[in-house]
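# Geometric and topological summary
What follows is each chain in one-letter form.
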Amino acid sequence: MQVLEGPAARAALTRSFNEIPVPGSVLARIETMFGEALTPQQVVERILADVRARGDDALRDWTERLDGSRPEALAVSDAELAAATVEPELHDAIRLAIARVRAFYMQQPAHGFLNHGPDGALGQLVRPLGRVGVYVPGLAPLISTLIHTAVPAGVAGVPDIVVATPPGKGGQINPAILVAARELGITEVYRVGGAQAIGALAYGTPSIGAVDKIAGPGNLFVVIAKRLVYGQTGIESLPGPTETLVLADDSADARHVAADLLAQAEHLGAEPVLVSTSRELLIQVQAELSGQLEALPEPNRGWARDSVASRMKVVLAATVDEGLELSNLYAPEHLCLLTRDPWSLLGRVQRAGGVFIGEYSMEALGDYVAGPSHVMPTGGTARFASPVNVRDFQNIISVVGVNQATLRRIGPAGATLARAEGLEAHARAIESRLGEG
């Protein structure tokens, strides 16, 4: 395990948002499937163009080609949605997660204002988006992703929330996804995934109505598709591989540190980062990682081992303050504070998707039932982006209603600024009212 310090650590944790690395295996699969060497973006462009041109037929063809299933009925029927069942323990967990996420977002100030004063009226109208598409990846039944995306949209007041998710080999949707959708009051679920799903949600097809915004994470092809359809529809973010930075001092339990790192490392392409002031803890964590890795079942063990071996960064900081400075530089999706007095650090956290304070607030809990959405900015975008929240699913409309007296007071300055910008018609539009009354 290479331990970084000083300038080397700072250089390793300095980054900008770049293209997601493309594994050679993905490029090889593309060449096999298409009979020529294409970039992922070229693949996505072809899929999107086909969906736009051929609608449902393209969705069925690409789903069969990429997912091994040809869904004649793209929409999950009301009967199928109503009949879906899961074990009672899982059903209770779904209900608990929905309740906690909803309770959290009900506290978010999300209303407008309209102030009537001596100058007239100025304010903001807040209106929910009309229709939102939630994309749920299909490698595993990501029940939590559906909950953590759809609940903020529901609290925002979005009347139509639809779900797109890849079908299994038999053309069926995992029943846990259907149960969660039902508990959320969602009645539109479509068995289509990948770039073709993003195209359908953006452009619309005879079976799937276009949406105002697409939310939810996905693989490389989904992220590229979201970027390419932006403008045709809105997108909430371009989520890349997940990441966690654990900041720990000599009071941290190495077992907990290793467990938190592996909880993220088992995601494909994840980047676990450990910053500590204790060299002894780093040694202990290395031993714990080895043991806990071997105890994981496959394929989780392989995924986590790849993340640890290929992308894990280990930093020895001189002080907790330096560790926090490095964290702010890195701007992690998840920041876990496992220090002697973690609450004392919170006020100095400047850049992170989410902060998890103390040994009982592990990030894995946040992925499910803590409350805030686990859909958070990745790749250093926490420098300027935020986790999914109610505002992602609302329009803000400015309201201007000044009176005549105010126009006379501020209008001349507006006309002056307009002429300074070379916009004479703007200036005359203002001045046309100044002489009235």
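A short tour of the structure in this document, coming up. (Residues numbered from 1 in each chain as written. Predicted model: local features only at pLDDT ≥ 70, side-chain atom pairs only at ≥ 80, totals over all residues. Heavy atoms only, no water.)

### Some details on the overall build of the protein
- Along the protein, the regular secondary structure elements total 17 helices and 14 strands.
- A principal-axis box enclosing the C-alpha atoms of the protein has dimensions of 85 × 60 × 50 Å.
- A fraction of 73% describes how many contacts in the protein between residues 6 or more apart in sequence connect residues 24 or more apart.
- Surface accessibility of the protein: about 20500 Å² in total, with carbon and sulfur atoms responsible for 54%.
- Averaging the positions of the 36 positive and the 48 negative side-chain charges in the protein gives two centres separated by 6 Å. (Helix = DSSP H or I, 4+ residues; strand = E, 2+ residues; numbered from the N terminus. Contact = heavy atoms within 4.5 Å. Areas by Shrake-Rupley, 256 points an atom, 1.4 Å probe, with all protein chains shown as cover. Lys, Arg positive; Asp, Glu negative; His and termini not counted. Charge placed at Lys NZ, Arg CZ, Asp CG, Glu CD.)

### A word on the environment of Glu183
- Relative to the assigned elements, Glu183 resides in helix 8 (residues 175-183).
- Beyond its immediate sequence surroundings of up to four residues, Glu183 is in contact with His91, Ile94, Arg95 and Ile98.
- Engagement of the side chain of Glu183 in a polar contact is seen with the side chain of His91, the distance being 2.7 Å. (Polar contact = N/O pair within 3.5 Å; in protein donor to acceptor, adjacent residues only side chain to side chain.)

### Some details on a nonpolar patch on the surface
- There is a patch of nonpolar side chains on the surface, built from Leu122, Val400, Val402 and Ile410 and spanning about 360 Å² of accessible area.
- Within the element layout of this structure, Ile410 appears in helix 16 (residues 404-420). (Patch = residues over 30% accessible without salt bridge, like charges linked within 9 Å, V, L, I, M, F, W, Y side chains within 5 Å. Salt bridge = Lys/Arg side-chain N within 4 Å of Asp/Glu carboxyl O.)

### Some words on the sheet that holds strand 2 (residues 113-117)
- One open sheet holds the 3 strands; their spatial order is 2-3-14, and the pairing between them is antiparallel. Each edge of the open sheet is held by one strand with a lone partner, namely strand 2 and strand 14 (394-402). Within the sheet, the average angular offset between the axes of one strand and its neighbour, ignoring direction, is 15°.
- Direction of pairing for strand 2 relative to strand 3 (residues 120-128): antiparallel, over a ladder of 5 bridges. (Pairing = 2+ DSSP bridges. Axes fitted to C-alpha atoms, helices over the stretch in contact; angles between N-to-C directions.)

### With respect to the sheet that holds strand 11 (residues 313-316)
- With respect to topology, 6 strands assemble into an open sheet ordered 1-11-10-9-12-13, the strand pairing being parallel. Sheet topology places strand 1 (3-4) and strand 13 (354-357) at the edges, where each strand pairs with a single neighbour.
- With 6 bridges connecting them, strand 9 (residues 243-248) and strand 10 (residues 271-276) associate as parallel partners. Directly across from Ala248, in strand 10, lies its bridge partner Ser276.
- Lying on the sheet, helix 14 (residues 320-330) is in contact with strand 9, strand 10, strand 11 and strand 12 (334-338); it crosses strand 9 at an angle near 170°.

### Quick notes on the pattern of salt bridges
- Across all of its chains, the model carries 28 salt bridges by this definition.
- Between Lys313 and Glu271 there is a salt bridge, and its shortest N-O distance comes to 3.1 Å. Placement of the pair is Lys313 in strand 11 and Glu271 in strand 10, with a sequence separation of 42 residues.
- Here Glu271 falls in the buried class, since its relative accessible area comes to 16%.
- Residues Arg419 and Glu424 are paired through a salt bridge, measuring 3.0 Å at the closest nitrogen-oxygen approach.
- Among the residues examined, Arg419 registers a relative accessible area of 38% and is labelled partly exposed.
- Here the salt bridges do not stand alone but share partners, grouping Asp50, Arg54, Asp57, Arg60, Asp61, Glu64, Arg70 and Glu72 into one network. (Buried < 20%, exposed > 50% of the residue type's maximum accessible area, 1.4 Å probe, protein only.)

### Brief notes about the nonpolar core
- Ranked by internal contacts, the top residues of the largest apolar core, which has 39 residues, are Val134, Leu146, Ile147, Ile186, Val189 and Phe393.
- Those elements that provide at least two residues to this core are helix 6 (88-105), strand 4 (131-135), helix 7 (143-156), strand 5 (160-165) and helix 8.
- It is helix 7 that contributes the most residues to this core, 7 residues altogether.
- By size, the runner-up hydrophobic cluster in this structure holds 32 residues, among which are Leu38, Val51, Ala202 and Ile214. (Core = buried A, V, L, I, M, F, W, Y, C linked by side-chain atoms within 4.5 Å.)

### A closer look at the pairing of strand 11
- The alternating pattern of strand 11 places Lys313 and Val315 and Val314 and Leu316 on opposite faces, both of which are buried.
- Two elements, strand 1 and strand 11, share 2 bridges in a ladder whose sense is parallel. Note on strand 11: the bridge partner recorded for Leu4 is Val315.
- Bridging between strand 10 and strand 11 involves 4 bridges; their strand directions are parallel. From the neighbouring strand, Val275 faces strand 11, where its bridge partner is Val315.

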